[in-house]
Amino acid sequence: MLEAGAKDEIERGFYIIVINFYKSCLKAKDSGKLIVAHSIYAPMEILYGFDNIFPLNYHMYSIILTNRLNMHDLIYGAASAVGVSPDTCGGHISIPGVAVKGWMPRPDFVLWDYGPCDNSAQAGEFLMSLFGVPGYFIDRPYRYVDEEIRYYVKQYKELIDILEELTHQPIDWEKVKARMKLAAEMAKVRKEFIELRH
């Protein structure tokens, strides 16, 4: 169990990271970057293979903003006003709510999939429609068999082609590899953390 002071220090550190991220979002366009809004399980590591893309995880952006501002009623009400069911989970009703309030930077492209639920698929379509921007939906297969793996790989190749056309630059595979290494390290630490909880 953490002592109160240590817990406060960890929380403070987390919010410094969050604040810096929000500041970076606001400066992204000024620095000539394209904002690619992506869902929580979309392959964001690929986005880091392009120097002029700023990856914006719209799930985390919206949820943290909603919770830290403690404006659930206002944001959920904004989402409901554009047709989102009030029964939608807090994680997904906050996305359209924050977007229609004008509190999300306008993306240049949307990348999404259906994980962890069907609402994820709807969130990406909503953002494309609201902002009038192109996007790409990753249809992740359910089974780990050759045919579906080929289908999944084909989508990644299509996505990379689209991003190269959008950014006018080739993907930097070394940067992608570096991000994949970080992702693997994070997965390992997360697994260790879960094991400690049991």
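Since the structure is predicted, the reported quantities are computational estimates derived from the model, not experimental observations. (Residues numbered from 1 in each chain as written. Predicted model: local features only at pLDDT ≥ 70, side-chain atom pairs only at ≥ 80, totals over all residues. Heavy atoms only, no water.)

1. Considering the packing of helix H5 (residues 90-100) against helix H6 (residues 118-131)
Thought 1: Packing of H5 against H6 leaves a shortest axis separation of 9 Å and a crossing angle of 10°. In terms of orientation, H5 and H6 fall into the roughly parallel class. Facing H5, whose interface residues are His92, Ile95, Pro96, Ala99 and Val100, H6 presents Asn119, Ser120, Ala123, Phe126, Leu127, Leu130 and Phe131.
Thought 2: For the contact of H5 with H6, the per-class residue count stands at 9 nonpolar, 3 polar and no charged. (Axes fitted to C-alpha atoms, helices over the stretch in contact; angles between N-to-C directions. Helix = DSSP H or I, 4+ residues; strand = E, 2+ residues; numbered from the N terminus. Parallel < 35°, antiparallel > 145°, perpendicular 65-115°, else oblique. Contact = heavy atoms within 4.5 Å. Nonpolar A, V, L, I, M, F, W, Y, C, P; charged D, E, K, R; others polar.)

2. Thoughts on H5
Thought 1: Burial analysis of H5 places 8 of its 11 residues in the buried class, which makes it a mostly covered element.
Thought 2: Considered for burial, the residues of H5 that qualify are His92, Ile93, Ser94, Ile95, Pro96, Gly97, Val98 and Ala99.
Thought 3: Those residues of H5 hidden inside the fold are in contact with helix H3 (58-69), helix H4 (72-81) and H6.
Thought 4: Looking at the residues trailing H5, positive phi occurs at Gly102, about 85°. (Buried < 20%, exposed > 50% of the residue type's maximum accessible area, 1.4 Å probe, protein only.)

3. Quick notes on the nonpolar core
Thought 1: With 25 residues, the main nonpolar core has Tyr58, Tyr61, Met104 and Leu127 as its most contacted residues.
Thought 2: Excluding its chain neighbours within four sequence positions, the residues that come into contact with Tyr61 are Phe21, Tyr22, Cys25, Leu56, Val98, Trp103, Met104 and Pro105. (Core = buried A, V, L, I, M, F, W, Y, C linked by side-chain atoms within 4.5 Å.)

4. Digging into the pairing of strand S3 (residues 109-113)
Thought 1: Here S3 lies mainly inside the structure; 5 of its 5 residues are buried.
Thought 2: Every second residue of S3 is oriented toward a common face, with Phe109, Leu111 and Asp113 on one face and Val110 and Trp112 on the other, all of them buried.
Thought 3: Of the pairings in the sheet, the one linking strand S1 (residues 34-38) to S3 comprises 3 bridges and is parallel in character. Bridging across to S3, His38 finds its partner in Leu111.
Thought 4: Sheet analysis places S3 next to strand S4 (residues 135-138), joined by 4 bridges and oriented parallel. What sits directly across from Val110, in S4, is Gly135. (Pairing = 2+ DSSP bridges.)

5. What to know about the sheet that holds S1
Thought 1: The parallel open sheet is built from 4 strands, whose spatial order is S2-S1-S3-S4. Of all strands in the sheet, those with a lone pairing partner are strand S2 (53-57) and S4, marking the two edges. Within the sheet, the average angular offset between the axes of one strand and its neighbour, ignoring direction, is 20°.
Thought 2: Lying over the sheet, H3 contacts S1, S2 and S3, oriented at roughly 55° with respect to S2.
Thought 3: Those strands touched by helix H7 (residues 146-167) are S1, S2, S3 and S4, and its axis lies near 165° from that of S4.

6. Quick look at H4
Thought 1: Among all positions in H4, only Ile75, Ala78 and Ala79 are buried. Across the axial projection of H4, the buried residues extend over an arc of 100°, all falling on one side. For H4, exposure combined with an orientation more than 90 degrees from the buried face picks out Asp73 and Ala81.
Thought 2: Where H4 is buried, its residues touch H3 and H5. (Arc of directions from axis to C-beta.)

Bear in mind that shape data such as this cannot, by itself, settle questions of function.
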